[in-house]
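Spelled out, the chains give:
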Amino acid sequence: MNAPLAPPLKWAGGKRWQVPHIKPLWDAARATRLVEPFCGGLSVALGLQPERALLNDVNPHLMNFYRWLQCGGLGVIPNENEREAFERHRDRFNELALADRHSSESAALFYYLNKTGFNGLCRFNSKGKFNVPFGKRNTVNYELDWPAYKVQLSKWAFSCLDFSELRLEEGDFVYADPPYDVEFTTYSAGGFSWADQVRTVEWLARHRLGLD
Ligand SMILES: C[S@@+](CC[C@H](N)C(=O)[O-])C[C@H]1O[C@@H](n2cnc3c(N)ncnc32)[C@H](O)[C@@H]1O
């Protein structure tokens, strides 16, 4: 097993710290597929390094970023940690969100905004515009070259669906980390209500582990 790659983005609710606790369970199930219905910042998949994985998240910008990392075609936005550059890039990202949100440029801007915006937040206003302010960080840990991520991510399948649309196979090892039941649930348009929490539990309870 190679040294795990660090999650490429800062992501609210990231579970890198849980990997040592999940790993003994995963090691016992190694031959199976890892499924993450709410993969967010990818910290669990990158920590466990499965051969087979289905990684899903409803946030289309996040999944667009991973797909460009996977094919090695991510655009390059220089690391300019200044308010004026940040606001210009945010405007361009919002323009592309309407016109060409699947593009490599949109993915590169998403990375830039994640790194230089406030706390790595991903928040949209009611008109669907990304509205996170400039982060004012002293230093920004910024990647421009991604070959190791291409190799790792090319083994895995990605989708951008509501979790309930995923087709689980018997024996899948499912790691489910839905948004918390708190006011802050702004990862994506629509939020995540109490009814969604109930849907999640019911959906997970239907999954067969293939142990019997
Ligand atoms: C707590 S975060 C997951 C964090 C992840 N485990 C990590 O380590 O970075 C929850 C994720 O659920 C996603 N999400 C919210 N509603 C969803 C839905 N209906 N279906 C799939 N994903 C959803 C959010 O976009 C967010 O990335």
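Every chain begins its residue count from 1, and numbering advances along the sequence as written. With the structure being a predicted model, the display of local features is reserved for residues of pLDDT at least 70 and the display and counting of side-chain atom pairs for 80 or more, all residues being used for whole-chain, interface and lining totals. Values shown for side chains rest on all heavy atoms present in the structure; no hydrogens or waters enter the calculation.

Another point: the domain arrangement of the protein chain. When its domains are assigned, the protein chain resolves into domain 1 (26-73 + 156-208) and domain 2 (75-145). How far each domain reaches was decided by an automatic or database domain assignment. The gap between the C-alpha centroids of domain 1 and domain 2 is 23 Å. Taken residue by residue, the interface counts eleven residues in domain 1 and 15 residues in domain 2. Taken over both partners, the interface formed by domain 1 and domain 2 buries close to 1,100 Å², and the fraction arising from carbon and sulfur atoms is 66%. The term buried area means the drop in 1.4 Å probe accessible area that two parts suffer when joined, counted for both and summed. When the area that domain 1 buries against domain 2 is broken down by residue, the three leading residues are His 61, Asn 64 and Phe 65, summing to 49%. One speaks of a salt bridge when a side-chain nitrogen belonging to Lys or Arg is within 4 Å of a carboxyl oxygen belonging to Asp or Glu. Run the count over domain 1 and domain 2 and you get zero salt bridges. Here, two residues are considered to be in contact whenever any of their heavy atoms come within 4.5 Å of each other.

Residues are said to line a cavity or pocket when one of their atoms sits within 4 Å of a point; the points come from a 1 Å grid over protein atoms alone, cavities being sets where a 1.4 Å probe fits but cannot get out and pockets being open sets with protein on both sides within 12 Å along at least five of seven lines. Grid points are joined across faces, edges and corners, and a volume is the space filled by probe spheres set on the points. Considering all chains together, one arrives at two cavities of 30 Å³ or more under this definition. Volume-wise, the largest cavity comes out at about 50 Å³. Lining the largest cavity are Leu 74, Gly 75, Val 76, Ile 77, Ala 108, Tyr 111, Tyr 142, Glu 143, Leu 144 and Trp 146.

Next up on the list: the environment of Arg 92. Helix and strand assignments come from DSSP, with helices taken as H or I runs of at least 4 residues and strands as E runs of at least 2, each series counted from the N terminus. The residue Arg 92 is located in helix α4 (residues 83-99) in this model. For the pair Arg 92 and Ala 195, spaced 103 residues apart in sequence, the C-alpha to C-alpha distance is 35 Å. With near-sequence residues (within four places) excluded, Arg 92 lies in contact with Glu 105 and Leu 109.

Right, let's talk about the pattern of salt bridges for a bit. Summed over all chains, the structure comprises twelve salt bridges. Asp 172 is the partner of Arg 33 in a salt bridge, and the nearest nitrogen-oxygen pair spans 2.8 Å. Taken together, the residues span a long stretch of sequence, with Arg 33 in the loop between α1 (19-27) and β1 (34-36) and Asp 172 in the loop between β3 (157-159) and β4 (173-174) at a distance of 139 residues. Only protein chains enter the accessibility calculation, which uses a 1.4 Å probe; a residue whose area is less than 20% of its type maximum is buried, one above 50% is exposed, and one in between is partly exposed. Given a relative accessible area of 12%, Arg 33 falls into the buried group. Salt-bridge contacts for Arg 92 lead to Glu 105; the nearest nitrogen and oxygen are separated by 2.8 Å. Here Arg 92 is found in helix α4, whereas its partner Glu 105 is found in helix α5 (residues 104-116), with 13 residues between them in sequence. Residue classification places Arg 92 among the partly exposed residues on the basis of a relative accessible area of 30%. Residue Glu 105 is classed as partly exposed on the basis of its relative accessible area of 31%.

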